[in-house]
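Working through the structure, step by step
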Amino acid sequence: MVFQEALFESVPIRVGVVDGESEAQRHVRPLLEADADVRVTAVHATGGAAVEALRREPVDILFLDAALADMDGFQVLHEAGSGCAQAVVFMDAREEHALRAFEAGALDYLLKPLVPQRFVQVLGRAKEHVRRERIQQLVLQLAGLVKASPEPSRAPRYLDRLAIREVGRVTLLSVDDVDWMAAEDNYVQVHVGGRGHLLRQPLRELEARLDPERFVRIHRSTLVNLQRVQELRPLLHGEYQVILRDRTTLKLSRGYRERLGLLMAQG
């Protein structure tokens, strides 16, 4: 199934900013307003005001200061609810909140003072994330799995299809057809029937959206479809060769030996 990419890029992406520093706000807003895809819906200096606004009107992308005068950014997310934004980017002058931010589901973490080039790069990633969510939601609506709604809704727990963006179009692949996946920096190479498709999404982010009873990580850079596993061969030091039905040979590293039972159940 193929959709024209222009259909999704014509819909404005709503962005909210929560930052207690007026100087930072003055730097962020011009960068956002220079992007034709973006519509800045609100800028807040306090967490309380942000929570009230986000409950009333969620956004697509939220740039959120980790340290506000009245509450921290994590409290804002908790009070506003998980549906307040599709993509959250934390901002802070210190690195110490970065781990907590990613554990809270943040898409990225920006250090202050903000570097314009880095900000624009992260904004681009966030836009890609939002468009993928929109495509997946539309797929479900077309399949009759959810009712169409004028309000944005969150994506399903597990993906049934992957949206592969190519020049001028978006191709949808059923996850049932996927043999295995390999990480390539912030991209994933999706292998289907001997062909590779480049998905603009980090592997860890994609793994969280896939059914763990169908896809298992066997290496820090490799996910495999359990239905494709045909044979296991032990190697040295607790590692295994994982041989797929098409004779593709992958490696189960010893750091992922707890997944062996799942593979044996399918082999």
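Presented here is an overview of the structure given in this document. Keep in mind it's a predicted model, so treat the numbers as computed, not measured.

1. Focus on the nonpolar core
Leu-54, Leu-62, Leu-64, Val-76, Leu-77 and Phe-90 are the most contacted members of the largest nonpolar core, which has 22 residues in total. Of all the secondary-structure elements, those providing two or more residues to this core are helix 3 (47-56), strand 4 (59-65), helix 4 (73-80), strand 5 (85-92) and helix 5 (98-103). Beyond its immediate sequence surroundings of up to four residues, Val-76 is in contact with Gly-47, Ala-50, Val-51, Leu-54, Leu-64, Leu-68 and Met-71. Listed in part, the 20 residues of the second largest apolar core include Ile-61, Val-89, Leu-123 and Ala-126.

2. A few points about helix 3
Turn by turn, an α-helix covers 3.6 residues, leaving residues three or four places apart pointing in a common direction. All of the buried residues in helix 3 are Gly-47, Ala-50, Val-51, Ala-53 and Leu-54. Each element contacted by the buried residues of helix 3 is listed here: strand 2 (13-18), strand 3 (38-44), strand 4 and helix 4.

3. Details of the side chain of Arg-134
Structurally, Arg-134 is set in helix 6 (residues 116-142). What makes Arg-134 buried here is its relative accessible area of 18%. In terms of polar contacts, Arg-134 uses its side chain to reach the backbone carbonyl oxygen of Pro-12, at 3.0 Å.

4. Observations regarding the sheet that holds strand 10 (residues 187-192)
Within the open sheet, the 5 strands sit side by side as 11-10-9-13-12. Their pairing is antiparallel. Sheet topology places strand 11 (195-199) and strand 12 (215-219) at the edges, where each strand pairs with a single neighbour. With direction set aside, neighbouring strand axes in the sheet form an average angle of 25°. As paired strands, strand 9 (residues 180-184) and strand 10 are joined by 5 bridges and run antiparallel to one another. Its bridge partner being in strand 10, Ala-183 is matched across the sheet by Val-188.

5. Focus on the pattern of salt bridges
Taken as a whole and assessed by the stated rule, the structure comprises 24 salt bridges. Close ionic contact of Asp-92 with Arg-94 constitutes a salt bridge, the shortest N to O distance being 3.5 Å. Among the residues examined, Asp-92 registers a relative accessible area of 3% and is labelled buried. Judged by relative accessible area, which is 39%, Arg-94 ranks as partly exposed. Between Arg-214 and Asp-176 there is a salt bridge whose closest N-O contact spans 2.0 Å. Placement of Arg-214 in the loop between helix 7 (203-207) and strand 12 and of Asp-176 in the loop between strand 8 (169-174) and strand 9 is noted, with a sequence separation of 38 residues between them. The partly exposed category is assigned to Asp-176, whose relative accessible area is 45%. Linked by salt bridges that have partners in common, Asp-19, Glu-21, Asp-65 and Lys-112 make up one network.

6. Side note on the packing of helix 3 against helix 4
Between helix 3 and helix 4, whose axes approach to 9 Å, the crossing angle comes to 30°. Between helix 3 and helix 4, the angle is such that the two are roughly parallel. Here helix 3 and helix 4 pass one another in a crossing that is right-handed. On the side of helix 3, the interface is formed by Gly-47, Ala-50, Val-51, Leu-54 and Arg-55, while helix 4 contributes Val-76, Glu-79 and Ala-80. The residue makeup of the contact of helix 3 with helix 4, split by class, is 5 nonpolar, 1 polar and 2 charged.

Thresholds, definitions, all that
- Residues numbered from 1 in each chain as written.
- Predicted model: local features only at pLDDT ≥ 70, side-chain atom pairs only at ≥ 80, totals over all residues.
- Heavy atoms only, no water.
- Core = buried A, V, L, I, M, F, W, Y, C linked by side-chain atoms within 4.5 Å.
- Buried < 20%, exposed > 50% of the residue type's maximum accessible area, 1.4 Å probe, protein only.
- Helix = DSSP H or I, 4+ residues; strand = E, 2+ residues; numbered from the N terminus.
- Contact = heavy atoms within 4.5 Å.
- Polar contact = N/O pair within 3.5 Å; in protein donor to acceptor, adjacent residues only side chain to side chain.
- Pairing = 2+ DSSP bridges.
- Axes fitted to C-alpha atoms, helices over the stretch in contact; angles between N-to-C directions.
- Salt bridge = Lys/Arg side-chain N within 4 Å of Asp/Glu carboxyl O.
- Parallel < 35°, antiparallel > 145°, perpendicular 65-115°, else oblique.
- Left-handed = near helix turned anticlockwise from the far one by under 90°.
- Nonpolar A, V, L, I, M, F, W, Y, C, P; charged D, E, K, R; others polar.

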